[in-house]
Amino acid sequence: SSNPPVLSVRELCKSYASTVAVDGISFEVGRNEIVGLLGPNGAGKTTTINMVLGVLEPTSGAIHIQGVDLSKRRSQALEYTNFAAVYAPLPGNLTVVQNLRYFGMIYGVKRVSERIEALLQEFDLARFRDTKCGVLSSGEQTRVALAKAMLNRPQLLLLDEPTASLDPSTARDIRARIRDFTAKGTGGVLWTSHNMYEVEEVCDRVLFMSRGKVLLQGDPRKLPQEHGKATLEELFI
Ligand code: ATP
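Looking at an unreviewed UniProt entry, one finds the protein named ABC transporter ATP-binding protein.

Here it is as structure tokens:
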């Protein structure tokens, strides 16, 4: 169609010396869609995210972002203006504003000062503008990382356990911001989490990975019943 998915992954594989970490997975993320990547430790979730990010080279398979073949890009992640990673650690010795300026420059964001001011407001970070990121709490650092990721208005957000170290109220706040992002039609989200309550609340669709393969996929509120289980958690057993 004329409107390709923001992310399309086809027969993606990644092998290390003795491990097949990702074993031929295929899936798509549509615009306005939050897709959860679930599975036990070692299933291959982070490896998948890192290949989509362009920081890890696939052994085989194809990744298209907005219909563009990732392997055909001259350079990888940082220069790719249409997507972003969250939860890459930010330089702790730079202040919030310095971090946002630095990444704004790397991403080539237009009218960067205005964009930064808007994001400081949106993420409730104005009072921390001149605070070094290294001294912020986990939740505050996550908000900075999200603001940084949204600098360039990405069409695909990749979130590897963004709420893992957050208290319930801060985690809820972060989820609301992510939902807001897709609700505005800005883009799609690929999200990993081990919190099944959160997954049910947030994800439009989930992929359940195990040992490098996608075993199941569907609506997180229907998937357990479709497979004779009472809860999402039971899919892990
Ligand atoms: P978790 O939930 O624990 O974060 P995950 O689903 O993100 O797990 P991955 O980190 O993608 O899992 O790891 C998938 C498999 O690949 C694991 O068995 C891991 O040990 C292996 N692996 C990852 N990176 C390497 C590497 N650089 N060299 C060798 N094996 C690796």
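Novice: Quick question: what am I supposed to make of the confidence of the model for the protein here?
Specialist: Detailed reading of the predicted coordinates is not advisable wherever pLDDT is low. Confidence along the protein averages 89 in pLDDT terms, with 95% of residues attaining 70 or more. Across the predicted assembly, pTM comes out at 0.90 and ipTM at 0.96.

Novice: For this particular structure, what's the right way to read the pairing of strand E1 (residues 7-15)?
Specialist: Looking along a regular strand, one sees side chains alternate from face to face of the sheet. Two elements, E1 and strand E2 (residues 20-29), share seven bridges in a ladder whose sense is antiparallel. For Val9, the partnering residue across the bridge sits in E2 and is Phe27. Counting the residues that bridge the hairpin from E1 to E2 gives four residues. Sheet topology places E1 next to strand E4 (residues 60-65); five bridges connect them, and they run antiparallel. Its bridge partner being in E4, Arg10 is matched across the sheet by Ala62.

Novice: Would you take a moment to explain the packing of aromatic side chains for this structure?
Specialist: Within this structure, the stated rule accounts for three aromatic pairs. Between the aromatic rings of Tyr102 and Phe103, the centroid separation amounts to 5.0 Å while the plane-to-plane angle is 85°, which identifies the pairing as edge-to-face. Using a relative accessible area of 38% as the deciding quantity, one classes Tyr102 as partly exposed. Take Phe103: its relative accessible area is 9%, and that puts it in the buried class. Judged by centre distance (4.8 Å) and plane angle (80°), the rings of Phe208 and Phe236 are edge-to-face.

Novice: Would you take a moment to explain the pairing of strand E3 (residues 34-38) for this structure?
Specialist: Taken across its five residues, E3 has five buried, putting it largely inside the fold. Here E3 shows two buried faces, one formed by Ile34, Gly36 and Leu38 and the other by Val35 and Leu37. Sheet topology places E3 next to strand E8 (residues 188-192); four bridges connect them, and they run parallel. Residue pairing in the sheet places Gly36 in a bridge with Trp191 of E8. As paired strands, E3 and strand E9 (residues 205-210) are joined by four bridges and run parallel to one another.

Novice: How should I be thinking about the site of the ligand in this particular structure?
Specialist: Residues in close proximity to the ligand include Tyr16, Thr19, Ala21, Pro40, Asn41, Gly42, Ala43, Gly44, Lys45, Thr46, Thr47 and His194, which together make up its full environment. Here Gly42 contributes a backbone N or O atom positioned 2.8 Å from an oxygen atom of the ligand. Within the side chain of Lys45, an N or O atom sits 2.7 Å from an oxygen atom of the ligand. When the ligand is considered free in solution it has 640 Å² of accessible area, and contact with the protein chains removes 60% of it.

Novice: What is the right way to read the environment of Val96 from this model?
Specialist: Among the structural elements, Val96 can be located in helix H2 (residues 96-107). A residue is classified by how much of its surface remains accessible, and Val96, at 0% relative accessible area, is buried. As for Val96 and Lys14, which are separated by 82 residues in sequence, their C-alpha atoms are 35 Å apart. With sequence-adjacent residues up to four places away left out, Val96 is seen in contact with Leu120, Phe128, Arg129, Thr131, Cys133, Leu136 and Val144.

Novice: Which parts of the structure should I look at to understand the environment of Lys72?
Specialist: Relative to the elements of secondary structure, Lys72 occurs in the loop between strand E5 (68-69) and strand E6 (83-86). Among the residues examined, Lys72 registers a relative accessible area of 67% and is labelled exposed. Taking the C-alpha atoms as reference points, Lys72 and Gly44, separated by 28 residues in sequence, lie 24 Å from one another.

Novice: Even after reading the chapter, I still don't get the nonpolar core, so can you show me in this structure?
Specialist: Looking at soluble globular proteins, one finds that nonpolar side chains tend to be buried together. In this structure, Val96, Leu146, Leu151, Leu157, Ile178 and Val189 are the most contacted members of the largest nonpolar core, which totals 44 residues. Looking at this core element by element, the count peaks at six residues for helix H4 (residues 138-150). In this structure, Leu37, Met51, Leu53 and Ile65 belong to the second largest nonpolar core, which totals 24 residues.

Novice: Quick question: what am I supposed to make of the packing of H2 against H4 here?
Specialist: When two helices pack together, their arrangement is given by the angle between the helix axes and by the axis-to-axis distance. The N-to-C vectors of H2 and H4 enclose an angle of 25°; their axes lie 9 Å apart at closest approach. If you check the angle between H2 and H4, you find them roughly parallel. As H2 packs across H4, the resulting crossing turns out to be right-handed. The residues of H4 that touch H2, namely those facing Val96, Leu100, Phe103 and Tyr107, are Val144, Ala147 and Lys148. Residues of the contact of H2 with H4, tallied by class, amount to six nonpolar, no polar and one charged.

Calculation criteria
- Residues numbered from 1 in each chain as written.
- Predicted model: local features only at pLDDT ≥ 70, side-chain atom pairs only at ≥ 80, totals over all residues.
- Heavy atoms only, no water.
- pLDDT = per-residue confidence, 0-100.
- Pairing = 2+ DSSP bridges.
- Helix = DSSP H or I, 4+ residues; strand = E, 2+ residues; numbered from the N terminus.
- Phe/Tyr/Trp six-rings, centres within 6.5 Å; stacked < 30°, edge-to-face > 60°.
- Buried < 20%, exposed > 50% of the residue type's maximum accessible area, 1.4 Å probe, protein only.
- Near = heavy atom within 4 Å.
- Polar contact = N/O pair within 3.5 Å; in protein donor to acceptor, adjacent residues only side chain to side chain.
- Areas by Shrake-Rupley, 256 points an atom, 1.4 Å probe, with all protein chains shown as cover.
- Contact = heavy atoms within 4.5 Å.
- Core = buried A, V, L, I, M, F, W, Y, C linked by side-chain atoms within 4.5 Å.
- Axes fitted to C-alpha atoms, helices over the stretch in contact; angles between N-to-C directions.
- Parallel < 35°, antiparallel > 145°, perpendicular 65-115°, else oblique.
- Left-handed = near helix turned anticlockwise from the far one by under 90°.
- Nonpolar A, V, L, I, M, F, W, Y, C, P; charged D, E, K, R; others polar.

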